[in-house]
Amino acid sequence: IWDESRLAISAHEMRENGDFLVVHHDGFPERWSVKPPLMIWAQVLSIRTFGYNEFSIRFPSALAAFLCCAFFPWLSLKIVKTQTPGFVA
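What you are looking at is a predicted structure, and each value in this text was computed from that prediction instead of being measured.

J.: Kindly report on a nonpolar patch on the surface, identifying the contributing residues and their values.
T.: A cluster of nonpolar side chains, namely Phe20, Leu21, Val22, Leu38 and Trp41, defines an oily patch on the protein surface of about 520 Å² accessible area. According to the relative accessible area criterion, Val22 is partly exposed, its value standing at 37%.

J.: Outline the side chain of Ser46, listing residues and values.
T.: Along the chain, Ser46 turns up in helix α2 (residues 38-50). Ignoring any residue separated from it by four or fewer positions in sequence, one finds Ser46 in contact with Gly51, Ser56, Phe59 and Pro60.

J.: Mind laying out helix α3 (residues 54-79), listing which residues take part and the relevant values?
T.: In a regular helix each residue adds 1.5 Å, so 26 residues correspond to 38 Å; α3 covers 38 Å between its end C-alpha atoms and thus fits that length. Pro60 marks where α3 bends most, by close to 30°. For α3, every residue scored as buried is listed here: Ser56, Ile57, Pro60, Pro73 and Ser76. Its buried side turned inward, α3 meets α1 (3-17), α2 and α4 (84-88). The N-terminus of α3 is capped by Asn53, whose side-chain oxygen sits 3.3 Å from the backbone nitrogen of Phe55. Lys81 occupies a position one or two residues after α3 and carries a positive phi of about 70°.

About the thresholds
Residues numbered from 1 in each chain as written. Predicted model: local features only at pLDDT ≥ 70, side-chain atom pairs only at ≥ 80, totals over all residues. Heavy atoms only, no water. Patch = residues over 30% accessible without salt bridge, like charges linked within 9 Å, V, L, I, M, F, W, Y side chains within 5 Å. Areas by Shrake-Rupley, 256 points an atom, 1.4 Å probe, with all protein chains shown as cover. Salt bridge = Lys/Arg side-chain N within 4 Å of Asp/Glu carboxyl O. Buried < 20%, exposed > 50% of the residue type's maximum accessible area, 1.4 Å probe, protein only. Helix = DSSP H or I, 4+ residues; strand = E, 2+ residues; numbered from the N terminus. Contact = heavy atoms within 4.5 Å. Expected span 1.5 Å × (residues − 1). Bend = angle between axes of the 7 residues up to and from the residue. Polar contact = N/O pair within 3.5 Å; in protein donor to acceptor, adjacent residues only side chain to side chain.

So this is what it looks like as structure tokens:
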């Protein structure tokens with residue numbers, strides 16, 4: 001019933017049925033979580049790259065978190081000319 005498990009099942013079904021526009025859960029179009037499917041697409045790509053395992057389901061979230069943490073100091077350096085606000089953010 002948790003978001004992570006539902007997204008993992010939806011990613012598995014998307015990879016198996018090849019329908020990359022309509023998100024499915026338990027064989028039917030998803031009606032409970034109607035978020036844009038960017039996370040599911042990233043999980044499908046990760047599953048294709050690393051296979052079916054816990055790492056491939058959690059890797060897109062970890063990568064997005066890392067990129068956000070790297071982006072804010074870089075953006076702060078470009079705008080304010082110091083990285084301190086970016087590290088605080």
